[in-house]
Each structure stands twice: as structure tokens, then as C-alpha cells.
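Okay, here's what each chain looks like letter by letter:
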Amino acid sequence: MFKNFAKYTVLTTIGIGALLPLTQVHAAETKRQNIVFWHSMTGQNQQAIERIVNEFNASQTKYKVTPEFQGQYVEALPKFLSVGGTSKAPDLFQSNEISTKQLSTSGMIEPMQTLIKKYKYNTKDLRKNILNYYTINGKLYSMPFNSSAPVLYYNKDAFKDAGIDDLPTNPTYEQVTEAAKKLKEKTGSAKLSILPYGWTFEELLANQNQTLVNNGNGRKKTATEATFNNKAGKNILNWIKTNATAGTLVDFGTGANAGDSEVSAFTSGQIDMFMNSSASLGNIKKNAKFNVGVTYLPHPEGTKANGVVIGGASIWLSKGKSTKVQKGAFEFLKFATSAKEQAQWSIDTGYFAVNNKSYDTKLLKDAFKETPILAAPVNQLKATKINAASAGALITAMSKERVNTQNAMENVINGKDVDSELSKAAKQTTTDIKEANEQTGE
């Protein structure tokens, strides 16, 4: 992931049969309970998740976890929903954070809280604000695993060339805009990207301590309407409009590859500032030919930063599985979220370590010392206030909300009115929420 990080990687590929006669190997393998684990990791992340599986399988002889790639999250969820509650359902299933409401009410899931209580597991070592996202009415529904949050990336060399000081740890919209104007003066080109993406809107809203929907962001009871047609929502769109009008903004659009194009534009020097997931840090650091700066997500001047909503994914347990399967699945999840495994996972992928004790390991301490910018996303998460806004919204219509808000962002970039676009997005989201609630009987 980062330069010289290979020296920290320890791959365990030796199975239980390494020191056993062949007949004993076959007997041991036959007795093992198979645990089918559907996931959506690709490339380097897939290698990292398979490392965890291999190490778990080699660490004991009762269970064998079988990882099966099911496509991206958007492809894997329908697959699971089509077999959930049947014998064809996987034992464990990785799904992204915005599916939380849908899965928790599907009737196809055994809440993680059931196993926590049954096996007297203490979650105190897991990060509280990450647990909060997947906790509903005091019950943990899934096990946090690959967690991330947005940060602001910038080109420190470009800033220096333009005579601009490094951005502060916790910058304001106004400071980012001022830097964007100076970069344009120096280069003659727009150098800032604010990608029209619903997740970005949600995060900028939460950082102002504002909920996306009513009823405590859908956590006190089922949400019935959008709540972002307010000052906080206008702050976001007005910031976008200010930069679009000033000619400091590069628009990558709303296409499926817009995010990848934005990252590539940054690492190639086409743009010098943008917001993206902390999980992208490894790829960015690897491919950028300049000094990369990382700061917290910006907030409006005069508004205290509230912090970020957790992103990424968690792992769910299918309902109706045998006691032996449940036990094996839970043993794997405890292993995968242990301090050592999460430290290595974080180094391999760029995701947060969800275990607090991971940050005390020599592995992560050495990594932070070698690459100091790793600390910014972690420190931002630590500084995040625990409240309804940072817990994130729970609605089944989350994917539709993201389309509505991204369209508002894109339309404002293209000159449309802030108030009307925000109002339209909020009204449509409320309609989508009501329709989803009717379909689910809520």
C-alpha cells in the first residue's frame, strides 16, 4: 500500500496439514465446519481479506471459512436478498453501510447482538463511533469491518509553488476557496474538485451537526421526511456555487467513473484539491509524484466541525444457520476484528482499524511514523462528536437520496439556483422515503 510497507506484511498460507500425515489432514478437513463468506473486495483489498481468512483457517481446526467474491456492493446485495432466508444463503455477507436499514428489517439477518449476548463478547475494544452506525435501538446488527470516512486531499508542492501555506488540520470552506483562487492565479486553471456525489453531501451536512432525515436521522423511529432543506444544506450548495462562479472548480460529472477520474486527475497533477475516502489514501500516496497533504473535511466559517459519518461496510450473519455455523462465524469475526488483524488490514488497504488496540501495536505505530499523513483520518474520527448527525441516516431509500442530492450539486455547478435545487432534492427524497416505507410496511 505505502512505500516499504511490505516489510510489515506477514502472510500465513500454511494450512493445518503442514505437519500432519495425509490421512490425518483429510480427517481434520472432513470434520471442519465450512463457513461461506460472501464479500465485495477486489484487487489489493481482496488479497488482504484472503490473508485474514487464510490466517484464521490456519489458526484452528474446527472451522474453514470459504471466501466468495460476489461483485461490487450494488451487485452483491440483490444476490443476497434473492437467497436470504433459504439454504442457499451464505453464512456471512459483507455489505456497505447504506444497506443497513434494508438488511436490518429484511428478516434475513441474525443480529450480531444475539451472538454477543450468547457468547458473552465485550465490544469495548471496538471504536464507539463505528459501532454506532450499525447499532439500532441499542442492538448491534452487523460487525464493523472495513470502515472509512472522507478527508480533503491536496498537493503540498503545488501549494508551495503558489505561495500558499499548508491547509490547517480542520479547514473552512472559505480557506479552501481562497487556496483554490490562488492556485488558479498561479496556473491559469481550475484546481479544485467538489464531486457531485450524494455521499459527499451527506458528510458535509453531518459535519455541520445536521441530520439528513427526521426522527433522529431515522434512529429514534422510522424516518418520514428529509431535513436537509435548511441553512446547512444551503451552505454546501452555496460553497459549490461560489467556486463554480469563480472558475476554480473542475466538474467530473456524475457518471459511474467520475470518482476514479477525479483520483487520477489528482495524482497526475490536473487538480490540486479534492475530497475522497480515507481508504483511497494508499492508492493516492502510491501514484502521486508529489507531497500529498491530508486534512479533515472542511466546514463553513462560524460553524463548529461536528465530524464525519462512517462509511465502508460491515459483515452480516444470515438468519437460520445452525449453532455450529453461528459459533464458527463469530469466531472468525472476532479474529478478523482483533487488534493484530485490524492493524495489518489497515496497512494493507487504507481502511480504519476498527479495534482501538490496533493503534497501540508496533505495526501501526511504525506505519504512522513512516507515513505521518495516515494520522489525519484517524484523528478526524477520534475528534468526531457522537450524536445523531454523525451516526448517519437510516433509510431504505438511501440510494435514491444520493441521486437526488448529487443532481442538485451538479445542477448548481451548471448555474442553477441553490434554493430551488435544494428544495427539489429534499421534496423528492421525502417522496422516496414515504414510498419505501409503504413498501416495507413501516
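Residues numbered from 1 in each chain as written. Predicted model: local features only at pLDDT ≥ 70, side-chain atom pairs only at ≥ 80, totals over all residues. Heavy atoms only, no water.

Trainee: Looking at this structure, how should I read the packing of helix α2 (residues 43–59) against helix α15 (residues 339–349)?
Mentor: For any two helices packed against each other, one specifies the inter-axial angle together with the distance between the axes. Between α2 and α15, the least distance of the axes is 9 Å, while the angle of their chain directions is 160 degrees. In terms of orientation, α2 and α15 fall into the roughly antiparallel class. α2 and α15 meet at a crossing whose hand is right-handed. Contact residues: α2 offers Q44, N45, A48, I49, R51, I52 and E55, while α15 offers K340, E341, Q344, W345, D348 and T349. Across the contact of α2 with α15, the residue classes tally to 4 nonpolar, 4 polar and 5 charged. (Axes fitted to C-alpha atoms, helices over the stretch in contact; angles between N-to-C directions. Helix = DSSP H or I, 4+ residues; strand = E, 2+ residues; numbered from the N terminus. Parallel < 35°, antiparallel > 145°, perpendicular 65-115°, else oblique. Left-handed = near helix turned anticlockwise from the far one by under 90°. Contact = heavy atoms within 4.5 Å. Nonpolar A, V, L, I, M, F, W, Y, C, P; charged D, E, K, R; others polar.)

Trainee: Mind showing me how you'd approach the confidence of the model for the protein here?
Mentor: Model confidence for the protein is summarised by a mean pLDDT of 93, while 93% of its residues fall at 70 or above. Counting interchain partners and residues more than four positions distant, the pLDDT-below-50 stretch residues 1–20 has 48 contacts. (pLDDT = per-residue confidence, 0-100.)

Trainee: Which parts of the structure should I look at to understand the sheet that holds strand β10 (residues 273–277)?
Mentor: Backbone-to-backbone hydrogen bonds pair the strands of a sheet. The strands run either parallel or antiparallel. The strand order β9-β10-β8-β11 describes an open sheet built from 4 strands, whose pairing is mixed. Sheet topology places β9 (192–193) and β11 (292–295) at the edges, where each strand pairs with a single neighbour. Examined bridge by bridge, β9 and β10 share 2 bridges and lie parallel to one another. Bridging from a neighbouring strand, L192 pairs with M273 of β10. (Pairing = 2+ DSSP bridges.)

Trainee: Sorry, what's going on with the domain arrangement of the protein here?
Mentor: Reports of interface size often rely on the accessible area that becomes lost once the parts have come together. By domain assignment, the protein separates into domain 1 (33–147 + 312–374) and domain 2 (150–309 + 386–440). Distance from the C-alpha centre of domain 1 to the C-alpha centre of domain 2: 28 Å. At the interface, 19 residues of domain 1 touch 20 residues of domain 2. Interface of domain 1 and domain 2: buried area, both sides summed, is about 1,600 Å²; carbon and sulfur atoms make up 61% of it. Summed over the shared surface of domain 1 and domain 2, the result is 1 salt bridge. (Domains from an automatic or database assignment. Buried area = accessible area lost by both parts, 1.4 Å probe. Salt bridge = Lys/Arg side-chain N within 4 Å of Asp/Glu carboxyl O.)

Trainee: So what exactly am I meant to see when it comes to the packing of aromatic side chains here?
Mentor: When we look at a pair of aromatic rings, we describe it by the centre distance and by the angle of the planes. Counted under the stated rule, the structure contains 19 aromatic pairs. Considering the side-chain rings of Y121 and F330, the 5.5 Å spacing of their centres and the 90 degrees angle between planes classify their relative orientation as edge-to-face. Of this pair, Y121 sits in the loop between α5 (112–118) and α6 (128–133) while F330 sits in helix α14 (residues 323–336); the two residues are 209 residues apart in sequence, bridging distant segments of the chain. What makes Y121 partly exposed here is its relative accessible area of 21%. On the basis of an interplanar angle of 35 degrees and a centroid distance of 4.6 Å, the ring pair of F145 and W345 is categorised as tilted. (Phe/Tyr/Trp six-rings, centres within 6.5 Å; stacked < 30°, edge-to-face > 60°. Buried < 20%, exposed > 50% of the residue type's maximum accessible area, 1.4 Å probe, protein only.)

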